[in-house]
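Structural features, examined
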Amino acid sequence: MAYETLLFEKSEGIATVTFNRPAKLNALNHQVMEELADSIERVRTDGEVKAVVLTGAGEKAFIAGADINELAVQTPVAGKETSVGGQSVLDGLEDLGKPSIAAVNGYALGGGCELAMACTLRLASETARFGQPEVKLGIIPGYAGTQRLPRLVGKGRALELILSGEPISAQEAYRIGLVNQVVPAAELMAATRALAKKIMANAPLAVKFAMEAVSHGLEMSEQEGQFLEATLFGLCCATEDMKEGTRAFLEKRPAKFAGK
Ligand code: COA
């Protein structure tokens, strides 16, 4: 698929998806969501790609939410379909099996904040702002914001953001655990790539299973989550990477992981 609303680049094993509608602050319309779904599948199936970075074109916005022009004319049935469709695209991102990092370079509002939350990790520029302003438009978050936000920051803080609709600064987002790091705008992409490379230096299957244990474990009782952890731990013990990682440590040399 050729993309009109996204840029897709690959270098050093990292795919970068750039939302590219800067005149509309990279708002998510149906076309963007279709192209995003395609690019997620591309990342998933491309063996050369070990991690993906998602960011916004221009200096102002990561993504200023779902496209309000499309929202304004949505019927109830289409609205439900849009919500279910968007949730499934973001589930695909969360369950990619490879780490995804949102490099949040400006406004991350509504669907933009929801998309960042579906990523494995979030880095923000000092100028970024986060919010769920949907109630100001007579709607509620529809791309799983009501579910991921409380899981990330707790029920009380999530409800404050969702009910007030007011945006918060990058520093405040960091304070409440919504983002992992805040860096100067000029350093955002370099810091994001550096973090991706740090993760990519580790055993790929161990990284994948660790993400699965945390994400799926959060949906289970602690006992079930521990059982999942033990099962995935056992699976790691069957990998070549486990043999290589432990042997390399004992031989005092860097490990060379094959992802097998
Ligand atoms: N959907 C569609 N278009 C959007 C948009 C969105 N979510 N967010 C911004 N735009 C468009 C604006 O309509 C404007 O287009 P125009 O130049 O053709 O009029 C352009 O992007 C620039 O936005 P503008 O509002 O002029 O920039 P600003 O700096 O004054 O304000 C925001 C920035 C982010 C505060 C403001 O654009 C905003 O509140 N956007 C909507 C956020 C939102 O409610 N998102 C959740 C949707 S569910």
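This one's a predicted model, so the numbers in the text were calculated from it and none came from an experiment.

Definitions and cut-offs
- Residues numbered from 1 in each chain as written.
- Predicted model: local features only at pLDDT ≥ 70, side-chain atom pairs only at ≥ 80, totals over all residues.
- Heavy atoms only, no water.
- Axes fitted to C-alpha atoms, helices over the stretch in contact; angles between N-to-C directions.
- Helix = DSSP H or I, 4+ residues; strand = E, 2+ residues; numbered from the N terminus.
- Parallel < 35°, antiparallel > 145°, perpendicular 65-115°, else oblique.
- Left-handed = near helix turned anticlockwise from the far one by under 90°.
- Contact = heavy atoms within 4.5 Å.
- Nonpolar A, V, L, I, M, F, W, Y, C, P; charged D, E, K, R; others polar.
- Near = heavy atom within 4 Å.
- Polar contact = N/O pair within 3.5 Å; in protein donor to acceptor, adjacent residues only side chain to side chain.
- Areas by Shrake-Rupley, 256 points an atom, 1.4 Å probe, with all protein chains shown as cover.
- Buried < 20%, exposed > 50% of the residue type's maximum accessible area, 1.4 Å probe, protein only.
- Lys, Arg positive; Asp, Glu negative; His and termini not counted.
- Salt bridge = Lys/Arg side-chain N within 4 Å of Asp/Glu carboxyl O.
- Pairing = 2+ DSSP bridges.
- Domains from an automatic or database assignment.
- Buried area = accessible area lost by both parts, 1.4 Å probe.

Our focus in this paragraph is the packing of helix 4 (residues 111–118) against helix 5 (residues 145–153). Running from N to C, helix 4 and helix 5 cross one another at 55°; their axes reach a closest spacing of 10 Å. Our classification of the angle between helix 4 and helix 5 gives oblique. Here helix 4 runs over helix 5; the crossing is left-handed. Across the interface between the two elements, E114, M117 and A118 of helix 4 pack against G145, R148, L149 and L152 of helix 5. Residue composition of the contact of helix 4 with helix 5, grouped by class: four nonpolar, one polar and two charged.

Attention now moves to the site of the ligand. Neighbouring residues of the ligand: 17 residues in total, closest K24, K60, A64, A66 and I68. Residue A64 places a main-chain N or O atom 2.9 Å away from a nitrogen atom belonging to the ligand. Between the ligand and the protein, one listed contact pairs a nitrogen atom with a backbone N or O atom of A66 at 2.9 Å. Expressed as a share of its isolated accessible area of 860 Å², the protein-covered part of the ligand is 60%. Considering every element that reaches the shell around the ligand, the biggest residue donor is helix 2 (residues 68–72), with three residues. Here the residues of the shell around the ligand sort into eleven nonpolar, two polar and four charged.

Note on placement: R122 falls in strand 7 (residues 121–125). No salt bridge is formed by the buried R122; its nearest oppositely charged neighbour, E94, is found at 7.5 Å. At a separation of 2.8 Å, a polar atom in the side chain of R122 contacts the main-chain carbonyl oxygen of A116. Within the local environment of R122, its side chain forms a polar contact with the backbone oxygen of C119, the two atoms lying 2.9 Å apart. When near neighbours in sequence (up to four residues on either side) are disregarded, R122 contacts A102, A116, M117, L152, L178, V179, N180 and Q181.

Glancing now at the packing of helix 1 (residues 30–45) against helix 3 (residues 76–94). Remark: helix 1 packs on helix 3, axes separated minimally by 9 Å, with the N-to-C direction vectors making an angle of 30°. Taken as axis vectors, helix 1 and helix 3 run roughly parallel relative to one another. Where helix 1 crosses over helix 3, the handedness of that crossing is left-handed. Note on element contacts: helix 3 touches helix 1 through T82, G86, V89, L90, G92 and L93, opposite H30, M33, L36, A37 and I40. Grouping the amino acids of the contact of helix 1 with helix 3 by side-chain chemistry returns seven nonpolar, four polar and no charged.

Spatially, four strands are ordered 4-6-8-9 in an open sheet, and the strand pairing comes out mixed. Taken across any chain shown, the strands that pair with only one partner, and hence form the sheet edges, are strand 4 (61–63) and strand 9 (168–169). Bridge analysis of strand 6 (residues 107–109) against strand 8 (residues 129–131) gives three bridges, and the strand direction is parallel. Of the residues in strand 8, the one forming a bridge with A108 is F130.

Here we take up the domain arrangement of the chain. Per the domain assignment, the segments making up the chain are domain 1 (6–200) and domain 2 (204–250). Distance from the C-alpha centre of domain 1 to the C-alpha centre of domain 2: 27 Å. Listed per partner, the contact involves eight residues of domain 1 and six residues of domain 2. The three residues of domain 1 that bury the most area against domain 2 are G97, R151 and I199, which together make up 57% of that side's buried surface. At the surface where domain 1 touches domain 2, the tally comes to one salt bridge. Among the ionic pairs, E219 bridges to R151, the shortest N-O distance being 3.0 Å. Our count for the contact surface shared by domain 1 and domain 2 stands at one residue pair in polar contact (both at pLDDT 80 or more). Taken together, the residues of the side of domain 1 that touches domain 2 break down into two nonpolar, two polar and four charged.

For the coordinates displayed, the defined rule picks out 15 salt bridges. With its nearest N and O atoms 2.6 Å apart, the salt bridge here joins R44 to E41. With R44 and E41 both in helix 1, this residue pair falls three residues apart, about one helical turn. Under the relative-accessibility criterion, E41 is labelled partly exposed at 35%. Ionic pairing is found between R148 and D91, a salt bridge with its closest N-O pair at 2.9 Å. Note that R148 is positioned in helix 5 and D91 in helix 3, a separation of 57 residues in sequence.

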